[in-house]
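Descriptive structure summary
What follows is the residue order along each chain.
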Amino acid sequence: GSNGKTTTTALIYHIFKSAGLNVGLAGNIGKSLALQVAEDHHDYYIIELSSFQLDNMYNFRANIAVLMNITPDHLNRHHTMDNYIAAKMSIAKNQGPEQTCVLNYEDEVLREQAKHLSAKVVFFSSLSKLEEGFYLEGDKIVYAHDGQIEEIISTDELNILGRHNHENAMAATAMAMSYGVPVEHIRQALRTFQAVEHRI
């Protein structure tokens, strides 16, 4: 996304580590992905990707992709908003029905782009009540699925503040649950995660 990438990436990594998974952190954050693959292999990789990196990826296919938001940025490089959107959405271009793409329901661009994706789409929202997906119910993050509503955590238990960070927490939770990380591990990781340095 245009904003929130580093915090969400770090949070997803923290959840996987807390669950005892052998996981690497790479891309715009952490160690080089190529170096890890060559010398320090992991079972899972959490990768923060920018539009610049996605511009030059052709065969990349994420098991689970997360797009936080798309707002005007880097237009000096991409020239038009359409080009910028295309660069961001290329994270999902090679995904199929067996992969998952987690999207912010409150971003109109992402809501429209979701109609064209082959991957399974999972929405999260900080403002809307969803029939399927993750959303805020008062001060609770909940997961609506299969006609049920499952409470994940109270926002009071988080160490990261603000609606944007509640969105980061929902996105990270959606990714972890899509991978089958037990919800109790996710809750514990959400409670212990500290904000990334130099983030507002």
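Now for a quick tour of the structure. (Residues numbered from 1 in each chain as written. Predicted model: local features only at pLDDT ≥ 70, side-chain atom pairs only at ≥ 80, totals over all residues. Heavy atoms only, no water.)

1. Re the overall build of the chain
The cut-off we apply is this: Here a helix means four or more residues in a row that DSSP labels H or I, a strand means two or more in a row labelled E, and each is numbered from the N terminus. Using C-alpha atoms as the atom set, the radius of gyration is obtained and then compared with a globule rule of 2.2 Å times the number of residues to the power 0.38. Each residue gets one of three labels from its accessible area relative to the maximum for its type: buried under 20%, exposed over 50%, partly exposed in between, using a 1.4 Å probe on protein chains only. By definition, residues are in contact when any of their heavy atoms lie within 4.5 Å.
Each helix and strand in the chain was counted, giving eight helices and eight strands. Over its C-alpha trace the chain gives a radius of gyration of 16 Å, about what one expects of a compact globule, namely 16 Å for 200 residues. Each principal axis of the C-alpha atoms in the chain carries an extent, and together these give about 40 × 40 × 35 Å. Here the chain holds 200 residues, and the buried ones make up 48% of them. Excluding contacts between residues fewer than 6 apart, the proportion of contacts in the chain whose partners are at least 24 apart in sequence is 52%.

2. With respect to helix α1 (residues 5-18)
Filter applied, for reference: By definition here, a helix of n residues has an expected span of 1.5 Å times n minus one.
Compared with an ideal rise of 1.5 Å per residue, which puts 14 residues at 20 Å, α1 spans 20 Å between its outermost C-alpha atoms and is within 8% of the ideal. Buried within α1 are the following residues: K5, T6, T7, T8, T9, A10, L11, I12, I15 and F16. Against β1 (23-27), β2 (44-48), β3 (64-67), α5 (81-89), α7 (163-178) and α8 (183-192) lie the buried residues of α1. Following α1 by one or two positions, G20 has its phi on the positive side, about 85 degrees.

3. Considerations on the nonpolar core
Stated formally: The term nonpolar core refers to a set of buried residues drawn from Ala, Val, Leu, Ile, Met, Phe, Trp, Tyr and Cys, joined through side-chain atoms within 4.5 Å.
Counting 36 residues, the largest nonpolar core has L11, I15, I141 and L190 as the members making the most contacts within it. Sort the elements by how many residues they give to this core and α7 lands first, with seven residues. If we ignore the near neighbours within four places in the chain, the residues touching I141 are Y135, L136, E150, E151, I152, I153, T155, L158, H166, A169 and M170. Among the nonpolar cores identified, the runner-up in size contains 22 residues, and L67, A114, L130 and Y135 belong to it.

4. Description of the packing of aromatic side chains
Heads up, the condition is: Think of it this way: a Phe, Tyr or Trp ring, Trp meaning its six-membered ring, pairs with another when their centres are within 6.5 Å, and the plane angle makes it stacked under 30 degrees, edge-to-face over 60, tilted otherwise. Criterion for a charge above a ring: Lys NZ or Arg CZ within 6 Å of the ring centre, and within 35 degrees of the ring normal.
Applying the stated criterion across every chain, the model contains five aromatic pairs. Ring plane angle 75 degrees and centroid distance 5.6 Å describe the contact between F16 and Y44, whose orientation is recorded as edge-to-face. Taken together, the residues F16 in helix α1 and Y44 in strand β2 connect sequence positions 28 residues apart. An aromatic cluster of three or more residues is present, and its members are F16, Y44 and Y179. Positioned above the aromatic ring of Y105, the side-chain terminus of R111 is 4.9 Å from the ring centre.

5. A look at the environment of F16
We classify F16 as buried; its relative accessible area is 1%. As a C-alpha pair, F16 and E39 span 23 residues in sequence and 20 Å in three-dimensional space. Leaving out residues up to four positions away in the same chain, F16 has contacts with L21, V23, Y44, I46, A176, Y179 and V181.

6. A word on α8
An α-helix turns once per 3.6 residues; consequently, residues spaced three or four apart project the same way. To keep it simple, the criterion reads: It is the directions from the helix axis to the C-beta atoms whose arc is reported.
Within the sequence span of α8, burial applies to V183, I186, R187, A189 and L190. Axial view of α8: buried residues confined to an arc of 165 degrees, hence all on one face. Packed against the buried residues of α8 are α1, β8 (148-154) and α7.

7. Details of the pattern of salt bridges
Worth spelling out the cut-off: By salt bridge we mean one thing: a side-chain nitrogen of Lys or Arg within 4 Å of a carboxyl oxygen of Asp or Glu.
Evaluated as defined, the whole model comprises six salt bridges. For E157, the salt bridge identified is with R191, shortest N-O distance 2.6 Å. Placement of the pair is E157 in the loop between β8 and α7 and R191 in helix α8, with a sequence separation of 34 residues. The exposure class assigned to E157 is partly exposed, which follows from its relative accessible area of 31%. When salt bridges with common partners are traced through the structure, they connect E157, E184, R187 and R191 into a single cluster.

Remember that the coordinates give geometry; whether it matters functionally is a separate question.
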